[in-house]
Amino acid sequence: MQTSLKKWWKKCLQVAVVYLLLPVLVQAQSAGAASAPDDTALIVLLVIVLLAVLVAVLLLSFEARALVAKIRNKKMGNNTHQFEKHLENMNSNQIEKILQTTHRQKDRSKNPGSIKAVLLVVFTLLATLFPEHSLFAQTKVTNGGIFNEGGILITITLIMIPILAGLVLMVVKLSNILRKHRNRQDLEEADLFAGYLATLTGEEATEALAKRKAALDYNLTHHELSGQQEPADTKGLVSNVETEGYINFIARKKKAQKRPNIDPQLSKLILWYFGCAALWLLFGTTIGEYVGIKFVAPDVDHVSWLSFGRLRPVHTNAVFWGWASLGMLGLGYYIVPMVSNAPLASIKKGWYALCLINAAVILGTTFLMAGINNGGGEYREYIWPVMLLFGIGLILTLINFIQTIAKRQTKEIYISNWYIVSAIMFALTITVVAYVPIWQDGLGETIIQGYYMHQGVGMWFMLFTLGIVYYMLPQQLNRPIYSYSLGILAFWTQILFYTLIGTHHFVFSSIPWWLQTVAIVGSVGMVIPVVAGTTNFIMTFKGAWHKIAGSYTLPFFLVGIIFYFTGSLQGTAEAFRSTNLMWHFTDFTVAHSHLTMYGIICFFLWAGMYAVIPRLTGKEAPQITVGAHFWLALIGLMFYTVPLMIGSTLRGQMWIAGKPFIDSVVHMAPYWLWRAIGGSLMWLSHIFFAYNFYKMISRHEAVDVKEAALKKLVQIIPAETQND
């Protein structure tokens, strides 16, 4: 084993050296021809393709080599030694099964292939961190070549995308083939192992296994040092100690309870909504990560379709209409039939809505990057044909939900359905108001923009998500909601006040003063639904706070509730004229939007998905990666928002003091660096979320040689023999 590890280390080091020397060789070659056109971009693209091919070949060679070694060992007749190793590593339950079925056992060695892949990826990433110009103290000036033209680069990039996608698909397909072949080899080994176990019928083997089982089952009496007297433990320091062994740095979490009678077709539909949402989360936040880096390195590129003005709306619209909307609707398709105690009216309508919304986001993203946009304001950059597709998807969903609720088996309509159906109605209303150009002239367009932007956040995302929480939180706590009346109060007061507050973003503008005042009063009125809703959720935790330590969904809910209270009241504080004068047009509004849309909506959606997906698939996500997702997202959000709020407050004061604008830009540089760091942590947490989602839906299961051998052994030895 040590020899093989040394060989792998040598190979990985060789690969790392090659990767790290590539930029040096490229730099040396280009430096020797200063008068030649600068083809750096082409070389970089070729290096990327070559690296992708090399990684694919190495990964497949690792898989194939492990498989060949397994087959070679099998042909050389080394099975007996391997079987003895399995026997030595058996646990008590497996030995018990062997003794009951004529005394035998089995185990399985671990596959080191993942170590190779991880090392390879690490070295590849290290190589990419060192571009050619960063290896030298100075840079050279070269003549521009054809491969520095934007159009040529875009064309080459578009050609490379399907090539790289094909390589990825090839690796996945071949890996699946090798995995299936390896599983067949493991099953054959299990057959041989079962036959070997069947031969262990002698008294000597039985006695050895029984002795091994007795050693495994031995437990201390816990009185070896203290004697038989009970300890004086008035504070419970001894009696409350956890005695069961577990990994100390990972808290044990409670697994989701299996819920029967879920329509398999509905489960498939919900999982597709979640999968598409996760895909748009990765895409949208990857764009956001790049946009955040531009604040630290504004000259990172000079390509039009990668400019800040195009990428920023791509980021916001992808996470709004792709990630958050599809995630909410997927949870809605689970909750509405569940609380109605009735089957979903139409699975087909759900699929149509999914296709239409995905088509809207794909087309909208393409148009935005091509420079085709509505130009009407924030969050409505998609042109009207694109939003028409989105609206049709919402109409189909609304009809589907209303038809399902109409067939409910209970008299009352649970409050979750109130929130969810109302949110879809408001989303359709604000979309029509924002895109029908009848009243959008001059100040009318500004007023409509404020209405659309704020209603999109508060009456679509927030209203729908609160409906999710009113079902999922009591269900996860196994307790009823604290007060149904508080929920109704929060529902109607949110509809009353939130629909008035859009124009508080245009204080001190030419919009009528009375309309600005109405928006400020409505913002203050939002304290009522926020306090009512937060009180309802926190009081539902009453008597069940201890459950947080044993759950990986409740921490997400708790963080979402905290940000619901703090972020919403922060919005109220921003609405006043005195604070608006200081914070508006600064990055404070960016921090606030992330504090609410990310801290509230995203955390609630993750909590709901982590609760629902195991009920649909029967598979749990690894607890350590769920914890990594949670902490990276929370810490990243804090790194993102707190520095921006501090820096923006100081920037606003600089403006009020009449300082030059460029001074405030220089002042924000370190805070933008914190923004990039926090955004990077948030983006990394999304990768963990995607991995967790994959683990919860993956159908690939490794063959356990020991368990398979025990099943085969039962078939080899008839039940009558066992009874004898």
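These numbers were taken from a predicted model, which means no experiment stands behind them.

1. Comments concerning the pattern of salt bridges
Phase 1 of the analysis: For the coordinates displayed, the defined rule picks out four salt bridges.
Phase 2 of the analysis: Across the pair Glu 378 and Arg 312 runs a salt bridge, and its minimum N-O distance is 2.8 Å. Placement of Glu 378 in the loop between α10 (347–369) and α11 (384–406) and of Arg 312 in helix α9 (residues 308–340) is noted, with a sequence separation of 66 residues between them.
Phase 3 of the analysis: Among the ionic contacts, a cluster of salt bridges with common partners joins Asp 587, Arg 651 and Arg 675.

2. Examining the packing of aromatic side chains
Phase 1 of the analysis: Within the structure shown, the criterion is met by 43 aromatic pairs.
Phase 2 of the analysis: Both rings, one in Trp 418 and one in Phe 491, keep their centres 5.5 Å apart while their planes meet at 75°; by these two values the pair is edge-to-face. Here the residue Trp 418 occupies a position in helix α12 (residues 415–435), and Phe 491 occupies one in helix α14 (residues 484–498), the gap between them amounting to 73 residues.
Phase 3 of the analysis: For Trp 418, a relative accessible area of 27% gives the class partly exposed.
Phase 4 of the analysis: Seen in terms of ring centroids, Trp 460 and Phe 464 are 5.5 Å apart; in terms of plane orientation they differ by 80°. Their pairing is edge-to-face. Here the residue Trp 460 and the residue Phe 464 both occupy positions in helix α13 (residues 443–477), the gap between them amounting to four residues, near one helical turn. Each member of the pair Trp 460 and Phe 464 is classed as buried.

3. Describing the nonpolar core
Phase 1 of the analysis: In terms of nonpolar packing, the biggest core is built from 143 residues, with Trp 323, Trp 460, Phe 603 and Trp 606 touching the most fellow members.
Phase 2 of the analysis: Counting residues per element, this core draws most heavily on helix α19 (residues 588–617), at 20 residues.
Phase 3 of the analysis: In this view, Trp 323 contacts Ala 277, Ala 278, Trp 280, Leu 281, Ala 318, Cys 602, Leu 605, Trp 606, Met 609 and Phe 689; residues no more than four positions away in its chain are not counted.
Phase 4 of the analysis: One finds Ala 190, Ala 194, Tyr 196 and Ala 709 within the second-largest nonpolar core, a separate group that totals six residues.

4. Side note on unusual backbone geometry
Phase 1 of the analysis: Phi is positive for Tyr 379, close to 75°, though the residue is something other than glycine.
Phase 2 of the analysis: Looking at the element boundaries, Tyr 379 is found in the loop between α10 and α11.
Phase 3 of the analysis: For Tyr 379, a relative accessible area of 11% gives the class buried.
Phase 4 of the analysis: Positive phi, close to 60°, is recorded for Asn 478, a residue that is not glycine.

Conventions we followed
Residues numbered from 1 in each chain as written. Predicted model: local features only at pLDDT ≥ 70, side-chain atom pairs only at ≥ 80, totals over all residues. Heavy atoms only, no water. Salt bridge = Lys/Arg side-chain N within 4 Å of Asp/Glu carboxyl O. Helix = DSSP H or I, 4+ residues; strand = E, 2+ residues; numbered from the N terminus. Phe/Tyr/Trp six-rings, centres within 6.5 Å; stacked < 30°, edge-to-face > 60°. Buried < 20%, exposed > 50% of the residue type's maximum accessible area, 1.4 Å probe, protein only. Core = buried A, V, L, I, M, F, W, Y, C linked by side-chain atoms within 4.5 Å. Contact = heavy atoms within 4.5 Å.

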